[in-house]
Amino acid sequence: MQLDIEYVRQQFDQIQDDPQFVFASNAGGSYVCNQANAVLEHYNRHTRVQPYAAYPSSAAAGEAMDRARRDWSQALNIDPSELTFGPSTSMNTYVMAQAVGHQWHEGDEIIVTNQDHEANSGAWRRKAKEKGVTIRQWEVEPDSGLLDVDKLMPLVRDNTRWVFFSHCSNIVGTVNPVRAIVDRIKSASNARVFVDAVAYAPHHVADLKALGVDGYSFSLYKVFGPHQGLLYVNRDIHGELASQAHYFNRGSPTKDFNPAGPQHAQVAGCAGVTDYFADLHAHHFGASAAPLARKLDDLHPLILAHESALAAPLLDFVDHHPGLRLIGKTHARDGDRAPTIALKPLNMSSQDLAQKLVDAGIGTENGSFYAHRLVSDLGIDPDDGVVRLSLVQYGNLDEVDRILRALDAALG
Ligand SMILES: Cc1ncc(COP(=O)(O)O)c(C=O)c1O
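Residues numbered from 1 in each chain as written. Predicted model: local features only at pLDDT ≥ 70, side-chain atom pairs only at ≥ 80, totals over all residues. Heavy atoms only, no water.

K.L.:
Looking at this model, I keep getting lost on the environment of Pro142. Mind explaining?
P.N.:
Tracing the backbone shows Pro142 in the loop between β4 (134–138) and α7 (149–152). Sequence-wise, Pro142 and Ser30 are 112 residues apart; in three dimensions their C-alpha atoms are separated by 29 Å. Leave out the neighbours within four places in its chain, and Pro142 touches Arg325, Asp377 and Leu378. (Helix = DSSP H or I, 4+ residues; strand = E, 2+ residues; numbered from the N terminus. Contact = heavy atoms within 4.5 Å.)

As structure tokens, this is what we get:
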């Protein structure tokens, strides 16, 4: 069975706006699916009041927010008490740094990478410095930007408290084998593991219990939904962490890791994304009472095959072009390469190439994409950075073709 790409594209009104335009900047933020817009609109038109009071519109508002929590817990195969809706991943990791760091002491160690977006790096590093904790860096291969798990293990010690890395880098685009990495860390230490999945979740919403992580975070505005950061914290470790909630809310797991008031409509709107996935599943597999996590597993091979087919010609072109440097893995055959393709032109600036592509109707841009450490350590000026072409499940081969023609023309 193949992904019905026409059906997928019909779920996104914004694709229909300009058929000549190729949106290739999805890793920055995706289009919003019609299902999520419908939930947002309904919330704003009919239940835009303080939720959880007894009067009807307020009770309905609370139920809309609860539905989002139920649906996303089911999608991620976690308990509803393990899910926090926060403003963004950067804010969620900042808050988590306060929550985890309160127990760090001199002599402890943490491991961070130079592959990550700064959201999964700076907050932990700053907290470690404040507490006198040693920071060890799991370093990427300087040519490809890939992480080698064998190079992580010598860094893991008895006093390693947390290891932070990403499920997929927003530049390198290659998926890190999270379960295998977690197993190796846990067999060698008592360290906790936190994974940034912002660049992975648009391609697959993972079963978090199967991954075995302690914390996990991603941003729904890149997964076809409203601007919300979803944060998972395993309930087994809630007791180890310092609540960040108002004193009278402490111990309320849905508030402990988000001191902000929730953005009611945005939270409710998150259920529109699970509606989209449920619709996509029903379209391909028929009606089913299976839990959402299983439906997402059913959809995964279809989406992966489609996205790999989008990535393959782009990777091939960039890898073989003498005027381009490709970052990350050179092919998508192993099923671990997202169609997030970063390239550095060798004979012009990234800014010039990005502008030429924009002029040709390709929505892309250049920069470090806040993976500043990675881009610098790859030997690239982070201000000019790389050009990033990023596609998701609603991309099609015609768009890939148009990108290739635009690249070819731009490079002369
Ligand atoms: C891999 C990765 N992590 C974290 C973030 C930060 O997410 P947010 O914008 O929700 O703070 C981004 C945003 O681009 C990202 O790509």
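On we go from here.
K.L.:
Explain unusual backbone geometry here, please?
P.N.:
Negative phi values dominate among residues other than glycine, just as trans dominates among peptide bonds. The phi torsion at Phe224 lies on the positive side, around 70°, for a residue other than glycine. Relative to the helices and strands, Phe224 resides in the loop between β7 (215–219) and β8 (229–233).

K.L.:
Help me understand the pairing of β7 in this model?
P.N.:
Looking along a regular strand, one sees the side chains alternate between the two faces of the sheet. Among the 5 residues that make up β7, 5 are buried, leaving the element largely enclosed by the rest of the structure. Burial along β7 is two-sided: Gly215, Ser217 and Ser219 facing one way and Tyr216 and Phe218 facing the other are all buried. Taken together, the 3 bridges between strand β6 (residues 192–196) and β7 define a ladder with parallel strand orientation. The residue bridging Asp196 from the neighbouring strand is Ser217, located in β7. (Buried < 20%, exposed > 50% of the residue type's maximum accessible area, 1.4 Å probe, protein only. Pairing = 2+ DSSP bridges.)

K.L.:
So what exactly am I meant to see when it comes to empty space enclosed by the protein here?
P.N.:
The gaps of empty space that remain are located by a probe, the size of a water molecule, rolled over the atoms. Summed over the entire model, instances satisfying the criterion amount to 1 cavity of 30 Å³ or more. In this structure, the largest cavity occupies an estimated 50 Å³ of space. Around the largest cavity, the lining residues are Ala201, Pro202, His203, His204, Val205, Phe277, Leu296, Leu299, His300, Ile303 and Gln393. With 4 residues, helix α11 (residues 292–320) is the single largest residue contributor to the lining of the largest cavity. Here the residues of the lining of the largest cavity sort into 7 nonpolar, 4 polar and no charged. (1 Å grid on protein atoms, 1.4 Å probe; cavity = no way out; pocket = protein on both sides within 12 Å on 5 of 7 lines; lining within 4 Å. Points joined across faces, edges and corners; volume = space filled by probe spheres on them. Nonpolar A, V, L, I, M, F, W, Y, C, P; charged D, E, K, R; others polar.)

K.L.:
What is the right way to read the packing of helix α10 (residues 264–285) against α11 from this model?
P.N.:
Each pair of packed helices gets described by two things: the angle between the helix axes and the distance between those axes. Where α10 contacts α11, the axes come no closer than 10 Å and their chain directions differ by 65°. In terms of orientation, α10 lies roughly perpendicular with respect to α11. α10 and α11 meet at a crossing whose hand is left-handed. Contact residues: α10 offers Thr274, Phe277, Ala278, Leu280, His281, His284 and Phe285, while α11 offers Leu292, Lys295, Leu296, Asp298, Leu299, Leu302 and Ile303. Its residues assigned to classes, the contact of α10 with α11 comprises 9 nonpolar, 3 polar and 2 charged. (Axes fitted to C-alpha atoms, helices over the stretch in contact; angles between N-to-C directions. Parallel < 35°, antiparallel > 145°, perpendicular 65-115°, else oblique. Left-handed = near helix turned anticlockwise from the far one by under 90°.)

K.L.:
How do you make sense of the sheet that holds strand β12 (residues 365–367) when you look at a structure like this?
P.N.:
As a general point, the strands of a sheet are linked pairwise by backbone hydrogen bonds and lie either parallel or antiparallel. Spatial ordering of the open sheet is given by β9-β10-β13-β12, a layout of 4 strands whose pairing is antiparallel. Each end of this open sheet is capped by a strand with a single partner; those strands are β9 (324–326) and β12. The sheet shows a mean angle of 35° between the axes of neighbouring strands, direction not considered. Relative to strand β10 (residues 340–345), β9 runs antiparallel, the two sharing 3 bridges.

K.L.:
Would you mind going over the site of the ligand with me for this structure?
P.N.:
Lining the immediate environment of the ligand, one finds Ser88, Thr89, Ser90, His117, Ala119, Asn170, Asp196, Val198, Ala199, Ser219, Tyr221 and Lys222. Within the side chain of Asp196, a nitrogen or oxygen atom sits 2.6 Å from a nitrogen atom of the ligand. Here Lys222 contributes a side-chain N or O atom positioned 2.5 Å from an oxygen atom of the ligand. Expressed as a share of its isolated accessible area of 390 Å², the protein-covered part of the ligand is 91%. (Near = heavy atom within 4 Å. Polar contact = N/O pair within 3.5 Å; in protein donor to acceptor, adjacent residues only side chain to side chain. Areas by Shrake-Rupley, 256 points an atom, 1.4 Å probe, with all protein chains shown as cover.)

K.L.:
Hey, could you run me through the nonpolar core in this one?
P.N.:
Counting residues in each nonpolar core, the largest one holds 84 residues, and the members touching the most others are Trp72, Tyr216 and Phe218. No other element matches α10, which puts 9 residues into this core. Every residue in contact with Tyr216, bar those within four places of it in the chain, is listed here: His167, Phe194, Val195, Ala197, Tyr200, Ala206, Leu208, Leu211, Leu230, Leu231 and Tyr232. One finds Ala24, Ile341, Leu353 and Ile362 within the second-largest nonpolar core, a separate group that totals 27 residues. (Core = buried A, V, L, I, M, F, W, Y, C linked by side-chain atoms within 4.5 Å.)

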